[in-house]
Amino acid sequence: MTPKEILKKFYGYDSFRSGQAEIIDAAMQGRDSLVLMPTGGGKSLCFQIPALARDGFAVVVSPLIALMDDQTAALQANGIPAAAVHSGHNESDNRAVMEALFEGHIKLLYISPERLLQEIDRWSDRIPVNLFAVDEAHCISQWGHDFRPVYTDLARIKQKYPCVPIMALTATADRLCRRDIAANLNLADPFTWTGSFDRPNISLQVVNNPGMKNKMRLIASLIRKHPNDSGIIYCLSRKSAEEMTERINALGFRAVCYHAGMTTHERSAAQKAFINGTVQVVCATIAFGMGIDKSNIRYVVHNNLPSNIESYYQEIGRAGRDGLPAHAMLFYSMADMITLRNFAEESGRSSVSNEKLQQMLKFAQAGVCRRRILLSYFGETAAHDCGNCDICLNPPHRFDGTTLAQMALSASIRVGGKAGMYMLNDILRGSLKSDIRRLGFDRIKTFGAGRDLNVAQWNHYLSQMVQLGLFEIAYDESNHLHPTPFGMDVVYGRARIELARYVPEQTKDEKQRRGRIPALDVPTLSPEEELFEQLKTIRMAISQKDGIAPYMVFSDATLHDMAHRRPKTLEEMADISGVGERKLVRFGSRFIQAIRKFEGMTATLPQGSSMKQTLILYNSGMPVPEIARERGLSESTVYSHIAKLIGEDMITQFGTLLTRKQYEDILDIRRRYPDNYSDHLSERLRPLAGVAMAIYNYQQRHAAARTQNH
Ligand code: ADP
Ligand code: ZN
């Protein structure tokens, strides 16, 4: 089968996304490759399809043990034999997988790097590995943010199997990291693909220091907007993840937390609840979500400034993988900066980390299209503003902020540079907090000079002044703000600055109230949306009955396509994006029935549909007992389908049905006992009689046709 045929048959997709065909082609040619694509870009297909297209199997190295089972389950749902070996399984299961692998029953083996390194020494040179895929390959680089020492030993793959192609994949690699990957894995002249990092369906929003009440209002409005979908809230610490979970639950939503302080059991329960859609929100520390292929994550919130743009981008990339609109909301404050700097210092790699942190801060404080900043960070140039970020949607109004800056700078100078951001804010507004009085800051000339503005406004403007380079933060002196030489120029009137006007964040509810648009209690759904909701209910029922995650049944994008095009037969259903053969047979009719009912038709599928489903599975090479199991039919029913299909010339290959000998035995017994031959057949042969007769008739028919033609 060609890659394109595999794409349709197993995944139900009609065309490759940009880069996939080229990357697959390189692997098929036996060439190493380095694949950089954003999360959700479609990396998995790049190694799965070559694994299927060629003899042997592919080995997929992944550090994400918790998710391997998820990935293999998703493959199995598509009818692809895949399995995982890692420390989360017991030893006898792992051994059974290895046996099945060497017997040729598995096309994709997911394995942890530790385990692969143990195994590889024992493997013979002749085992038929057709590809090594190294996922999350940036873990190999000390310059990345996720270095894993065990990854550096993966160099042994190339030493042992110099002729097997390696495909390294990652969503986050700057130039240095890219070089490390190629060098450490010994890639030979790799085919390199850098996909576009643009995810235009994710709208970007950054909110500076909104205060807890506002923050919760914004989060609540996100959850309310997507009651049946889910979101992730990333928090900096376990404690804040727990607090956030409580706050959300207190508002009547369903949230769980996920962090490294929980037991493995608790964590996998949280992850399951999230994947199955029983909770709406996971409040997580960074440990959550790598590799999750849940396609209906509609929003990702960062409760704090992330420590670098790579992590931020990877985390927001978990939203909207189905390509439908999704939202990324980032909250930050100067206090985050200080916490993160301390983290960086503790990690001992502070100069690289600080550089990355500064870039992140620049993004958060930006006054130009945020997507342009992101794309340029990843080395892409965008010709247009995106129109889908807060800056594009609500361009900042600028004003001459020189006077405000002079006020703040002179206050800072008068207290001898001994005030941090929050203290300076208090001084400017004339707050009589005890610290201020104790230090005598209430007696300086600029005390209270800025009392026309409130805390949030001053916060906003002081952050901008730092960003503009009027102040620097003295991290080694209690994070006090010190005027810079440029700041002094402003003080003396030698330079002027502009500030972006502070606009309080409003939730949609508030805007509606102000604009007097009546807020509807019950949202009215269009027919398409209504059908979509019905299809989701069916998906949930299947998911619960079969014990697989809803997104493994069908993604939201697939259900939307169904709701839009309304397939009423198996053929039409096969045309829907994301409906491969296996899922067509396994789930298709349930959805077709619902659509037919919705359209006011009889729910029953057109005649012959059941036979067609048998045909699809038969053509995919599945043996009859398995077809029967898969379809929940008896073997004799399946055999009768097959006999009919042979009668209609729909099946013309009989080799897997019965042996030549069985066929001849049946014909022989029939010759001898023409009246009641089936009574004389053995148990083994009896179910095959109908098929044997169909084949006999087929051959007679075709022999007759041949003689007529000559
Ligand atoms: P990544 O590994 O890069 O994060 P995935 O491989 O998980 O991304 O793909 C993300 C989503 O896109 C999955 O739901 C996948 O089924 C879908 N997808 C991948 N390739 C295609 C394609 N050619 N056409 C349609 N959907 C695709
Ligand atoms: Zn924009």
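In the block above lies the structure referred to throughout.
Residues numbered from 1 in each chain as written. Chains lettered and ligands numbered in written order. Predicted model: local features only at pLDDT ≥ 70, side-chain atom pairs only at ≥ 80, totals over all residues. Heavy atoms only, no water.

Focus on the pattern of salt bridges
Rule in force here: For salt bridges, the criterion is a side-chain nitrogen of Lys or Arg within 4 Å of an Asp or Glu carboxyl oxygen. A 1.4 Å probe rolled over the protein chains alone gives each residue an accessible area, and that area as a share of the maximum for its type sets the label: buried under 20%, exposed over 50%, partly exposed in between.
Taken as a whole, this structure holds 34 salt bridges when the rule is applied. Two residues, K433 and D426, come together in a salt bridge whose shortest N-O distance is 3.0 Å. According to the relative accessible area criterion, K433 is partly exposed, its value standing at 47%. As a salt-bridge pair, D575 and R565 come within 3.2 Å of each other at their nearest N and O atoms.

What to know about the coordination of the zinc ion (ligand 2)
Geometrically, a metal with four donors at the corners of a regular tetrahedron has ideal angles of 109.5 degrees, and one with six donors at the corners of a regular octahedron has ideal angles of 90 or 180 degrees. Worth spelling out the cut-off: For Na, K and Ca the donor cut-off is 3.2 Å, while for other metals it is 2.8 Å, and in both cases only N, O and S atoms qualify; water is not among them, so sites may look incomplete. Between 85 and 135 degrees for all angles marks four donors as tetrahedral; over 155 degrees for opposite donors together with 65 to 115 for all other angles marks four donors as square planar and six as octahedral; every other arrangement is irregular.
Protein-derived ligands of the zinc ion (ligand 2) are C369 (SG), C386 (SG), C389 (SG) and C392 (SG), with the metal-ligand distances lying across 2.3 to 2.4 Å. Taken together, the four donor atoms coordinating the zinc ion (ligand 2) and their angles of 102 to 120 degrees define a geometry best described as tetrahedral. When the donors of the zinc ion (ligand 2) are listed by position in the chain, the intervening gaps give C-x16-C-x2-C-x2-C. The class for C389 is buried, based on a relative accessible area of 0%.

A short note on the packing of aromatic side chains
Put simply, the rule reads: Pairing of aromatic side chains requires ring centres within 6.5 Å, counting the rings of Phe and Tyr and the six-membered ring of Trp. Pairs whose planes differ by under 30 degrees are stacked, by over 60 edge-to-face, and all others tilted. Helix and strand definitions follow DSSP, with helices as H or I runs of at least four residues and strands as E runs of at least two, each counted in order from the N terminus.
Scanning all chains against the criterion turns up eight aromatic pairs. Judged by centre distance (5.7 Å) and plane angle (35 degrees), the ring pair of F132 and Y161 falls under tilted. Of this pair, F132 sits in strand β5 (residues 129-134) while Y161 is found in the loop between α7 (155-160) and β6 (166-170), placing the two residues 29 residues apart along the sequence. Each of the two residues, F132 as well as Y161, counts as buried. Aromatic side chains F654 and Y698 sit 5.3 Å apart centroid to centroid with 80 degrees between the ring planes, which places their arrangement in the edge-to-face category. Of this pair, F654 sits in the loop between α30 (635-647) and α31 (660-672) while Y698 is found in helix α32 (residues 689-709), placing the two residues 44 residues apart along the sequence. The same class applies to F654 and to Y698, which are both buried.

So, the environment of L154
Selection rule: Whether two residues are in contact is decided by their heavy atoms: any pair within 4.5 Å suffices.
Checked against the element boundaries, L154 lands in the loop between β5 and α7. A relative accessible area of 0% means that L154 is categorised as buried. Excluding residues within four positions of it along the chain, L154 makes contact with V61, P113, L116, L117, V134 and L185.

Concerning the sheet that holds β5
Basically, it comes down to this: For two strands to pair, DSSP has to find at least two bridges joining them. The convention used is that axes are lines fitted to C-alpha atoms, helices contributing only their stretch in contact, and that angles between N-to-C directions extend from 0 to 180 degrees.
Sheet architecture is open: seven strands sit in the order β3-β4-β2-β5-β6-β1-β7, paired in parallel fashion. In the strand order of this sheet, the two ends are held by β3 (82-85) and β7 (191-194), each with one partner. The mean angle between the axes of side-by-side strands here comes to 15 degrees, regardless of whether they run parallel or antiparallel. Most of the contacts of helix α6 (residues 113-120) go to strand β4 (residues 108-111), to which it runs at about 110 degrees, and overall it touches β2 (57-61), β3, β4 and β5.

Quick notes on the site of ligand 1
Put simply, the rule is: Only a single heavy atom is needed: when it lies within 4 Å of a molecule or strand, its residue is near that molecule or strand. The term polar contact refers here to a pair of N or O atoms within 3.5 Å; inside protein, the definition further demands a hydrogen-donor-capable atom paired with an acceptor-capable atom, and it admits residues adjacent in sequence only when both atoms are side-chain atoms. With residues, only the protein chains shown are counted as cover, and all accessible areas are computed by Shrake-Rupley using a 1.4 Å probe. For this classification, Asp, Glu, Lys and Arg are treated as charged, while Ala, Val, Leu, Ile, Met, Phe, Trp, Tyr, Cys and Pro are nonpolar and the rest, including Gly, are polar.
With respect to spatial proximity, 15 residues lie near ligand 1, and among them Y13, G40, K43, S44 and R321 are the closest. Contact between ligand 1 and S44: an oxygen atom at 2.8 Å from a side-chain N or O atom of the residue. Against a free-state accessible area of 570 Å², the protein chains account for coverage of 84% of ligand 1. The biggest single contributor to the shell around ligand 1 is helix α3 (residues 43-53), with three residues. Class assignment of the residues belonging to the shell around ligand 1 gives a composition of four nonpolar, seven polar and four charged.

Things to note about the pairing of strand β15 (residues 471-474)
Of the strand pairs in this sheet, β15 and strand β16 (residues 480-483) are connected by four bridges, and their pairing is antiparallel. Within β16, the position partnered with F471 by the bridge is P483. Hairpin remark: β15 followed by β16, antiparallel, with five residues in the connecting loop; positive phi at S478, about 55 degrees.

Comments concerning helix α15 (residues 370-377)
To be explicit about the condition: Throughout, the arc means the angular range of directions from the helix axis out to the C-beta atoms.
Those residues of α15 that sit buried are R370, R371, L374 and L375. Taken end-on, α15 shows its buried residues confined to a sector of 130 degrees, consistent with a single buried face.

Structural notes on helix α20 (residues 455-467)
Basically, it comes down to this: The span one expects for a helix is its residue count, reduced by one, times 1.5 Å.
When the terminal C-alpha atoms of α20 are compared, their 18 Å separation across 13 residues agrees well with the 18 Å that a helix rising 1.5 Å per residue should span. Those residues of α20 that fall on the buried side of the exposure criterion are W458, N459, H460, Y461, L462, S463, Q464, M465 and V466. The N-cap residue of α20 is N454: its side-chain oxygen and the backbone nitrogen of A456 are 3.2 Å apart. Once α20 finishes, G469 follows within two positions and takes phi at roughly 90 degrees, a positive value.

Some points on the nonpolar core
The condition that has to hold: Put simply, buried Ala, Val, Leu, Ile, Met, Phe, Trp, Tyr and Cys residues joined by side-chain atoms within 4.5 Å make one nonpolar core.
Ranked by size, the top nonpolar core spans 94 residues in total, and within it I248, W458, M465 and F471 carry the most contacts. Among residues more than four places away in sequence, those in contact with W458 are L404, M407, A408, N425, L428, R429, G450, L453 and M465. Membership of the second largest hydrophobic core comes to 61 residues, among which are A549, V553, I616 and I669.

Let's talk about the sheet that holds strand β10 (residues 255-258)
Working definition: the strands of a sheet are paired by backbone hydrogen bonds and lie parallel or antiparallel to each other. Here we have six strands laid out as an open sheet, ordered β8-β13-β12-β9-β11-β10, and parallel in their pairing. Both edges of this open sheet fall to β8 (202-208) and β10, since each of them pairs with a single strand only. Here the average twist between neighbouring strands, direction ignored, is 15 degrees. With four bridges connecting them, strand β12 (residues 297-302) and strand β13 (residues 326-332) associate as parallel partners. Bridging from a neighbouring strand, V301 pairs with M329 of β13. The strands touched by helix α11 (residues 264-275) are β9 (230-234), β10, β11 (281-284) and β12; relative to β10, the strand with the most contacts, the crossing angle is about 140 degrees.

Some words on the pairing of β2
The side chains of a regular strand alternate, residue by residue, between the two faces of the sheet. Counting buried residues in β2 gives five out of five residues, a clear majority hidden from the surface. Burial along β2 is two-sided: the residues F57, V59 and V61 and A58 and V60 are all buried. Direction of pairing for β2 relative to β5: parallel, over a ladder of five bridges. Paired with F57 across the strands is V129, a residue of β5. Inspection of the sheet shows β2 paired to β4 by four bridges, in the parallel sense. Looking across to β4, one finds that V60 is bridged to Y110.

Quick notes on unusual backbone geometry
You will see that N186, though not glycine, has its phi angle at about 60 degrees, which is positive. Checked against the element boundaries, N186 lands in the loop between α8 (175-184) and β7. The class for N186 is partly exposed, based on a relative accessible area of 34%. Phi angles above zero are rare outside glycine, and N209 is one such case at about 50 degrees. Secondary-structure assignment places N209 in the loop between β8 and α9 (212-225). For N209, a relative accessible area of 24% translates into the label partly exposed.

Let's talk about the side chain of E315
Note the threshold: Working convention for charge: Lys and Arg count positive, Asp and Glu count negative, and His plus the chain ends are omitted.
As for its position among the elements, E315 is in helix α12 (residues 309-316). As a buried residue without a salt bridge, E315 has its nearest oppositely charged side chain in R318, at a separation of 4.8 Å. Residues contacting E315, with those up to four places away along its chain left out, are Y234, I286, V300 and H302.

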